[in-house]
Amino acid sequence: MLPTRHRMRTSAQFSDTVRSGARSGRRNVVVSVRSTTEQASRVGFIVSKAVGNAVVRNKVKRRLRELAAVTVREHPVGLDVVVRALPAAAAAGWDELGRDYRDALHAALRKAR
């Protein structure tokens, strides 16, 4: 589970990361990454109504939170990450969603450095 201190809360945090971070997309997600100072890594999720109804959106968010928890364990300091779920994420299986998230994250990290 992703600890509360590692979650983005304000729209400014989201917009700063999306605007000035490196971005990489796959079929199910778009990941934006921004390097930060020596503060704890934070992750935010954007799952719009285009993904599905509330039940589907929450399922997608839960899955993405679990994937992001691994990212925070690997990079506990110095990253802001925003994950935007695309409509295809609603029908994606756990393996497919995980593969897209990891591939997009690694590509964005390469661009950010």
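Everything numeric here is computed off the predicted structure, so don't read it as measured data.

What follows deals with the confidence of the model for the protein chain. Per-residue pLDDT for the protein chain has a mean of 94; in total, 100% of the residues score no lower than 70. Mean pLDDT values over the elements of the protein chain span from 91, in strand 2 (residues 29-40), up to 97, in strand 1 (residues 22-25).

Given 3.6 residues per turn, any residue in an α-helix points the same way as the ones three and four places further on. Between its first and last C-alpha, helix 2 (residues 54-74) extends 30 Å over 21 residues, near the 30 Å set by a 1.5 Å rise per residue. Those residues of helix 2 that fall on the buried side of the exposure criterion are R57, V60, L64, R65, L67, A68, A69, T71 and V72. Here the buried face of helix 2 lies against strand 2, strand 3 (42-46), strand 4 (77-85) and helix 3 (94-112). Sitting at the amino-terminal end of helix 2 is N53, which places a side-chain oxygen 3.1 Å from the backbone nitrogen of V55.

Basis of the calculations
- Residues numbered from 1 in each chain as written.
- Predicted model: local features only at pLDDT ≥ 70, side-chain atom pairs only at ≥ 80, totals over all residues.
- Heavy atoms only, no water.
- pLDDT = per-residue confidence, 0-100.
- Helix = DSSP H or I, 4+ residues; strand = E, 2+ residues; numbered from the N terminus.
- Expected span 1.5 Å × (residues − 1).
- Buried < 20%, exposed > 50% of the residue type's maximum accessible area, 1.4 Å probe, protein only.
- Contact = heavy atoms within 4.5 Å.
- Polar contact = N/O pair within 3.5 Å; in protein donor to acceptor, adjacent residues only side chain to side chain.

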